[in-house]
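Report on the structure
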Amino acid sequence: MTKILTGGVGKTEVAQTVTAMALDGIEVVVSNDMDAAMKLRAGQAQYYLGTCHTGAGASLGVLVGLMGKKACHTFGRSVPTEDEVTALLNDGIKVFGFSMDQIDSVAPVITRAIAAKNN
């Protein structure tokens, strides 16, 4: 089972979006940035999806500090393709940030790429 934690201002909406996808092998848990960093570092979760109003940095501030920049990526206000997310996953990215007004577009793309990589 792959566990995705959600955080930031749109954490509940992200969790609802991911849960509604009903992908096999994906579990989603609403969290916060500090708890998520600890769980990721301890191997109790595999990925984090964080949101803020701009997607420019507040969505991942604590996680960048505790996980390191190499584990984190923000899409800002752009909507990635599944291939772009897959490439980031292959590079070891575990923490993704994006704008909360892009939840319906971005969260499914990231979740599908995670599910494909881990199944």
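Residues numbered from 1 in each chain as written. Predicted model: local features only at pLDDT ≥ 70, side-chain atom pairs only at ≥ 80, totals over all residues. Heavy atoms only, no water.

As annotated in an unreviewed UniProt entry, the protein carries the name DUF2620 domain-containing protein and is attributed to Streptomyces althioticus subsp. attaecolombicae.

**Examining the packing of helix α1 (residues 11–21) against helix α5 (residues 103–118)**
If you want to describe how two helices pack, look at the angle between their axes and the distance between the axes. Where α1 meets α5, the axes come as close as 9 Å, and the angle between the chain directions of the two elements is 50°. Here α1 lies oblique to α5, going by the angle between them. Two packed elements cross with a definite hand, and for α1 against α5 that hand is right-handed. Here E13, V14, T17, V18 and M21 of α1 lie close against α5, whose contacting residues are I103, D104, A107, P108, T111 and R112. Taken together, the residues of the contact of α1 with α5 break down into 6 nonpolar, 2 polar and 3 charged. (Axes fitted to C-alpha atoms, helices over the stretch in contact; angles between N-to-C directions. Helix = DSSP H or I, 4+ residues; strand = E, 2+ residues; numbered from the N terminus. Parallel < 35°, antiparallel > 145°, perpendicular 65-115°, else oblique. Left-handed = near helix turned anticlockwise from the far one by under 90°. Contact = heavy atoms within 4.5 Å. Nonpolar A, V, L, I, M, F, W, Y, C, P; charged D, E, K, R; others polar.)

**Digging into the sheet that holds strand β3 (residues 47–52)**
Strand pairs in the sheet, formed through backbone hydrogen bonds, run parallel or antiparallel to each other. Taken together, 5 strands build an open sheet; the order of strands is β2-β1-β3-β5-β4 and the sheet is parallel. Of all strands in the sheet, those with a lone pairing partner are β2 (26–30) and β4 (72–74), marking the two edges. Across the sheet, the mean angle from the axis of one strand to that of its neighbour is 20°, orientation sign disregarded. Where β3 lies against strand β5 (residues 95–99), 5 bridges are found, and the strand directions are parallel. Considered in β5, the bridge of C52 is made with S99. (Pairing = 2+ DSSP bridges.)

**A look at the nonpolar core**
Counting 23 residues, the largest nonpolar core has L49, F75, V85, F96, F98 and I110 as the members making the most contacts within it. With 8 residues, α5 is the single largest residue contributor to this core. Residues L5, A37, L40 and A71 belong to the second largest nonpolar core, which totals 11 residues. (Core = buried A, V, L, I, M, F, W, Y, C linked by side-chain atoms within 4.5 Å. Buried < 20%, exposed > 50% of the residue type's maximum accessible area, 1.4 Å probe, protein only.)

**Thoughts on the pattern of salt bridges**
Note on pairing: side chains with opposite charge can pair once their charged atoms come close. This model, assessed by the stated rule, comprises 3 salt bridges. Among the ionic pairs, D35 bridges to K39, the shortest N-O distance being 3.3 Å. With a gap of 4 residues between them, D35 and K39 both fall in helix α2 (residues 33–41), about one helical turn apart. (Salt bridge = Lys/Arg side-chain N within 4 Å of Asp/Glu carboxyl O.)

**Overview of the pairing of β2**
Each regular strand displays side chains that alternate between the two surfaces of the sheet. Relative to β2, strand β1 (residues 2–8) runs parallel, the two sharing 5 bridges. Its bridge partner being in β2, T2 is matched across the sheet by I26. For the segment spanning β1, α1 and β2, crossover handedness is right-handed. (Right-handed = clockwise from strand over helix to strand, strands pointing away.)

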